[in-house]
Amino acid sequence: MQKLYGYWFPALTVLWLLTGCSQTDNSTQNIIEPAPPSATVAINKSPRDPREYRYLTLSNGLRTILVSDPEATSFAVSLTVGVGSGHDPNALPGLAHYVEHVILQGSAEASHVNGLKRRVAQGGGRINGVTSQHRTQYMFSIDAEQADLALAEFAAMFVKPGFRPEYMEKERYAVDNEWSLNRQRDRRILSEIVGQTIDPAHPRARLSSGNLQTLKDTEHTNLRDAAIAFYQRYYSANIMSLAVVAPHSLTELEPLIEPLFSAIPDRQIPRPRVVKPAVREQDRGIHINYAPHQPMRTLIADFTISNNKAQWRAKPNHYVRQLLSSEAPGGLMASLRHQGWVDGVKINDDPTYYGATGRFQVELALTPLGSESKDAILNALFSYLALIREEGVTEAYYREFSALSKRRFIASDPPSPLVLANALSTRAHDYPPRHLLDGRYLHGRFDPDAIQSLLSQLTPDNLRLWHIEPGVEVDRTIPYFSGRYRVQPMTAPERALWQQSSPLALSLPPLRERRNKATAKPRPVTHAPGSTPAPILLVDSPTAESWLLHSQHDPNGTGTMTVVFNSDLGLSSTENYVLSCLLNDIYIRRLSSLSEQEKQQSTQIEIERTPANSQFFRLTHGTKRHSALAEQLTEHFVQLSPTDEEFAWARHRFERWMKRIQTGDLLTQVQFQFHVATLEAAWTPEQRLEAVGRLTPQSLRQYQRELVKRQRLRVFAFGNYDQAELKTLTARLQQLMPIETPVSAPANQKTVTAEPNKTIHRRWQTDKEGFGFYKAFVVPGSTASTETMAHMLLLNQVFRPALFTQLRTEEQIGYLVQSNPISLGTSAGLGILIHSNHMAPDQINERLDRFNAQFIATLDVLEDGAFQQLKQAALRQLMSKPRGIIAESEPYFRDFLAGSQRFDSHQALLKALQQVSKQSLLEHYRALMLDSQAMTFELLADGQQTRL
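Residues numbered from 1 in each chain as written. Predicted model: local features only at pLDDT ≥ 70, side-chain atom pairs only at ≥ 80, totals over all residues. Heavy atoms only, no water.

### Remarks on the overall build of the chain
Under the convention used in this document: Where helices and strands are cited, they refer to DSSP runs of H or I of at least four residues and of E of at least two residues respectively, numbered from the N terminus. Exposure was quantified through the Shrake-Rupley algorithm and a 1.4 Å probe, taking into account, for residues, occlusion by the shown protein chains and nothing else. When charges are counted, Lys and Arg contribute as positive and Asp and Glu as negative, whereas His and the chain ends are disregarded. Note on charges: their place is set at NZ of Lys, CZ of Arg, CG of Asp or CD of Glu.
When helices and strands are counted, the chain shows 30 helices and 25 strands. Overall size of the chain, expressed as C-alpha extent along the three principal axes, is 75 × 75 × 60 Å. Here the chain displays about 35200 Å² of accessible surface, and carbon together with sulfur accounts for 50% of that area. In the chain, 101 positive and 97 negative side-chain charges are present, and the distance between their average locations comes to 3 Å.

In structure tokens form, the structure reads like this:
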């Protein structure tokens, strides 16, 4: 199911380039030793996967996975080093992260710092680095026709990094800016509290990101020397893995890759491991309170578990996760929801989180009533775990989970080249070569002892219980972060209470696999792929319209069907906007059990709202049951009569969502303010909160009754569907929906009209640290918006890397310096997003204006050959084969929502892009930035200077 609350940005087409780096805790310690040098290891793949794979070990010990994907237009590379912040020296916390930043600056032979970033951006690609506790990953993608030089530059970064003293000093400020961006983010703070509540000698107790205080020269340490020493010690080919995905054949790829990457030094070092125990006896059986910055009520049952990564075939963690997260009636989650105690659940496990040990977490989003019922919730949790131990460890469940995993592996859409490369280079540290693709899904022999071993560790004595909500008692500060927490030991009476039998009527989920086998056979393919989708209007009446488009690329008989309850009510007032949100929330929750059930049969149910705030549901993948499900979901909506209790819960969740926007980080705030500034029917969080306070359960029920009468059914089917069946379905939906007042036109969110030389300026104070800046330039237009957008796509490929290099790398204005093309109704332009921890918005604005004025010279000297490369890269990207049925249908679905019956916006953009010349690009830039023709939006958030 989709998120309960979110908001569309119809005016904001986000195409951010990943040009910084990031940190994550979602990494595991390396467990797989390299295979012997070989080019013959067969990698198991899905029968639907047309790509070819080759695993080999280079002469320097570098494990390499080559993937030939003839349908790809990009060349993607990912290299993972088996070392991370868990191996920082005690005296220099954050060194691994800092080294990642420095290496991405380029090799010693590179003529310019950030040369690879510039080349990748101009080749329509992306580049990034990620440092975690146990690994560091580098990745990039680029237009395949421009890959050779980029590939050589990427390999050279690891053979001989630049380590330029001047830029290394500047990069300290980039790391510091990144740290400050995360200082008030709750999830990042929770990770730091983990380090404060375990053995202080463990690596997780250190600041993993680093900042100016931890990364500096001291009397005994030179930072540059330490960074070079870290690279020389750990950056060894024998603990690295490389994945390359490209349209080239395997025969072409191997000689291309081998000479470049076999030059990476093999220092023959032992695989780095964290063996220090983390959670001591006194760190178990404790309550951890944290008062979050954002409104949230979360209870986390956090268990320290043995490192069972070697049991990946037996899947004990996955087995227990499946049973705990089941939404079947009588299950733990359904029972807790029925009591009104929880909004949602996440089951997280990482068997190597601490290195030698791992963690297993049950994370519950609480309602206000749930905050007062924690003992009863924990009582239910431990009762359900006891039920699993006593009755739930069976081979029948294991076979069912195995069959479902196999089905998901076969049915999954092919990932993009960069996503695939990242996954393969990471999994090379987790799975044997043969199982790089199917290791996460493969179930081996049923091992009840492994499952019982895990369950035996999920006990109150082994519990670290997190209470994350406003108002909890806190008494300790967190080094380097803005937050407070408290630790208290659990009491014996608490443990005894939690282990009593729960009064809830808990039961294990029914076995579904027998029924799944009966319905798993797909329907025959009704239309052979190959031709361009031709829209067919099957039904066009006052109360319904129905469109069918067949897939051009999908040979597997999948499809996606969307039914929109098209109405103009959702944006007619603030109250109706809120009522639509509440109704959607309740609709989703009513269908959570059905959604899980259908997911097991490879049908995805998504329930959301259109940009015009109309409800819709979408069914994806196997189409055999889509018509029956569409009837069922429509009937559910017609009969939906929210109870007073459901209204209260939905209102609470809506208020929490609005408060999260109000208290969100500066990037969230400035982008949401752009959303409000550019839409005619948009309301601030304060206005929405006032509106929800005026509503009652009766007003929600009245809105639902009015909505089913005032609308038009709009059906969009893409893929393996039959015309007669869709006509019959549409007629059946019309019978179910008691429409009295048809809404003939597709409901659309209207944007403000761009006016030349007009500025909309909004500035506000916030208690968040740092300064947020978003500035958008929009060229007014009507029918020329597609032409303008084509120019913005190309312009951004030159503008973005230049902006980053000057304002981020050279001047260190802020960590986040990005630009993106944007659309605003019939107009288009460019948006610029900057976050700084030290420069106020006025100063950023003044510096940006100077950069914009000077950038015309960069465009002017752009060589014709370089311009043609930019243009061809953009064209190939737009013309690339979509990855899966959803991706293929998306351009047509956007046209459908907009009411464009030509369904040609994608082709129009391609045609416009083909017409762009260097001269027309210069003219568009002048109109955008220099000649006072553009409308400007300035959204400025004044935060606080970072305080320690």
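### Re helix 13 (residues 417-427)
Definition in use: Under the scheme applied here, a residue whose accessible area is under 20% of the maximum for its type counts as buried, over 50% as exposed, and between as partly exposed, the area being computed with a 1.4 Å probe on protein chains only. Contacts: residue pairs with any heavy atoms within 4.5 Å of one another.
The buried fraction of helix 13 amounts to nine of the eleven residues, a majority that puts the element mostly inside the structure. Along helix 13, the residues that are buried comprise Pro417, Leu418, Leu420, Ala421, Asn422, Ala423, Leu424, Ser425 and Arg427. Tucked inside the fold, the buried residues of helix 13 contact strand 2 (52-57), strand 3 (63-68), strand 4 (74-81), strand 5 (126-131), strand 6 (136-143) and strand 7 (240-246).

### Here we look at the side chain of Asn211
Which entries qualify depends on this criterion: What qualifies as a polar contact is a pair of N or O atoms within 3.5 Å, subject to a donor-acceptor requirement within protein and to the restriction that residues adjacent in sequence count only when both atoms come from side chains.
With respect to the helices and strands, Asn211 occurs in the loop between helix 5 (186-196) and helix 6 (223-234). Accessibility expressed as a relative area gives 1% for Asn211, which makes it buried. One polar contact links the side chain of Asn211 to the main-chain amide nitrogen of Gln213, over a distance of 2.9 Å. Beyond its immediate chain neighbours, meaning those up to four positions away, Asn211 contacts Val175, Asp176, Trp179 and Tyr480.

### Quick word on the pattern of salt bridges
For the record, the criterion: For salt bridges, the criterion is a side-chain nitrogen of Lys or Arg within 4 Å of an Asp or Glu carboxyl oxygen.
One pass over the structure, following the stated rule, counts 51 salt bridges. Asp430 is the salt-bridge partner of Arg135, the closest N and O atoms lying 2.5 Å from each other. With Arg135 in the loop between strand 5 and strand 6 and Asp430 in the loop between helix 13 and helix 14 (448-455), this pair connects stretches of sequence that are 295 residues apart. Taken as a pair, Arg135 and Asp430 share a single burial class, namely buried. Between Glu469 and Arg297 there is a salt bridge, and its shortest N-O distance comes to 3.9 Å. Linking Glu469 in the loop between strand 12 (463-468) and strand 13 (476-478) with Arg297 in the loop between strand 8 (286-290) and strand 9 (298-306), this pair joins segments that are 172 residues apart in sequence. Given a relative accessible area of 26%, Arg297 falls into the partly exposed group. Linked by salt bridges that have partners in common, Asp343, Asp585, Arg589, Arg653 and Arg656 make up one network.

### Examining the UniProt feature "domain: Peptidase M16 C-terminal" (unreviewed entry) in the chain
Filter applied, for reference: UniProt positions are given in the numbering used here, feature names are shortened, and annotations may be inferred rather than shown by experiment.
Mapped onto this numbering, the UniProt entry annotates "domain: Peptidase M16 C-terminal" (unreviewed entry) at residues 224-397. Taken as a whole, residues 224-397 contains 38% helix and 23% strand, while its terminal C-alpha atoms sit 55 Å from one another.

### Details of the sheet that holds strand 20 (residues 712-719)
We apply this condition: Here, any two strands with at least 2 DSSP bridges between them count as paired. Fitting a line to C-alpha atoms yields each axis, with helices limited to the stretch in contact; the angle taken between N-to-C directions then spans 0 to 180 degrees.
A sheet is described by the order of its strands in space; here six strands give the open sequence 15-16-20-17-19-18, paired in mixed fashion. Sheet topology places strand 15 (536-541) and strand 18 (603-609) at the edges, where each strand pairs with a single neighbour. In this sheet, neighbouring strand axes are inclined to one another by 10° on average, regardless of whether the strands run parallel or antiparallel. Here strand 18 pairs with strand 19 (residues 615-622) via seven bridges, running antiparallel. Note that in strand 19 the partner of Glu608 across the bridge is Phe616. With respect to the sheet, helix 28 (residues 885-898) is in contact with strand 16 (544-549), strand 17 (558-566), strand 19 and strand 20, its orientation differing from that of strand 20 by roughly 150°.

### So, the environment of His87
Inspection of the secondary structure puts His87 in the loop between strand 4 and helix 1 (95-103). The buried category is assigned to His87, whose relative accessible area is 11%. Each C-alpha atom, one on His87 and one on Arg135, is 9.6 Å from the other, the two residues being 48 residues apart in sequence. Contacts of His87, omitting those with residues within four sequence positions, involve Gln133, His134, Arg206, Phe230, Tyr234, Pro272, Arg273 and Val274.

### Side note on the sheet that holds strand 8
Strands sit in the order 10-11-9-12-8-14-13 across an open sheet of seven strands; the sheet is mixed. Where the open sheet ends on each side, the last strands, each with one partner, are strand 10 (342-350) and strand 13. For this sheet the average axis-to-axis angle between neighbouring strands, irrespective of direction, equals 25°. In this structure, strand 9 lies alongside strand 11 (residues 357-366), joined through nine bridges in antiparallel fashion. Paired with Thr298 across the bridge in strand 11 is Ala365.

### A closer look at the packing of helix 17 (residues 574-590) against helix 23 (residues 697-709)
To be explicit about the condition: Any angle from 65 to 115 degrees is called roughly perpendicular, while one under 35 is roughly parallel, one over 145 is roughly antiparallel, and all others are oblique. Charged residues are taken to be Asp, Glu, Lys and Arg, nonpolar residues to be Ala, Val, Leu, Ile, Met, Phe, Trp, Tyr, Cys and Pro, and polar residues to be all remaining types, Gly included.
Between helix 17 and helix 23, the shortest axis-to-axis distance is 10 Å and the interhelical angle comes to 90°. Relative to helix 23, the element helix 17 is oriented roughly perpendicular. Seen from helix 17, the contacting residues are Asn576, Leu579, Ser580, Leu582, Leu583 and Ile586; seen from helix 23, they are Ser699, Leu700, Tyr703, Gln704 and Leu707. In terms of residue class, the contact of helix 17 with helix 23 is built from seven nonpolar, four polar and no charged.

### Focus: the nonpolar core
The test is simple: The term nonpolar core refers to a set of buried residues drawn from Ala, Val, Leu, Ile, Met, Phe, Trp, Tyr and Cys, joined through side-chain atoms within 4.5 Å.
Counting residues in each nonpolar core, the largest one holds 60 residues, and the members touching the most others are Leu582, Tyr587, Phe617 and Phe654. If one sorts the elements of this core by residue count, helix 17 sits on top with nine residues. Setting aside residues up to four positions removed in sequence, Phe617 forms contacts with Met561, Thr562, Val563, Phe565, Tyr587, Glu606, Ile607, Ala630, Leu633 and Thr634. Formed by 55 residues, the second largest nonpolar core is a distinct cluster that contains Leu62, Leu95, Leu151 and Ile264.

### What about the environment of Gln944?
Summarising the element assignment, Gln944 is placed in strand 25 (residues 935-944). As a C-alpha pair, Gln944 and Asp767 span 177 residues in sequence and 6.2 Å in three-dimensional space. Gln944 has contacts with Thr766, Asp767, Lys768, Glu769 and Gly770, leaving out every residue within four places of it along the chain. Looking at Gln944, its side chain comes within polar contact range of the main-chain oxygen of Thr766, at 3.0 Å.

### Notes on the side chain of Lys374
Within the secondary structure layout, Lys374 lies in helix 11 (residues 374-392). Given the relative accessible area of 13%, Lys374 is considered buried. Of note is the side chain of Lys374, whose polar atom sits 2.6 Å from the side chain of Glu469. Residues contacting Lys374, with those up to four places away along its chain left out, are Leu299, Leu366, His467 and Glu469.

### Let's talk about the packing of helix 8 (residues 316-325) against helix 11
Counted only if it meets this: Crossings are assigned a handedness: left-handed for a near helix turned anticlockwise from the far helix by less than a right angle, right-handed for a clockwise turn.
Across the interface, helix 8 lies against helix 11 with an axial gap of 11 Å and an inter-helix angle of 125°. Judged by the angle between their axes, helix 8 and helix 11 are oblique. Of the two possible hands of crossing, helix 8 and helix 11 adopt the one that is right-handed. Where helix 8 abuts helix 11, its residues Tyr319, Leu323 and Leu324 lie against Leu381, Tyr384, Leu385, Ile388 and Gly392.

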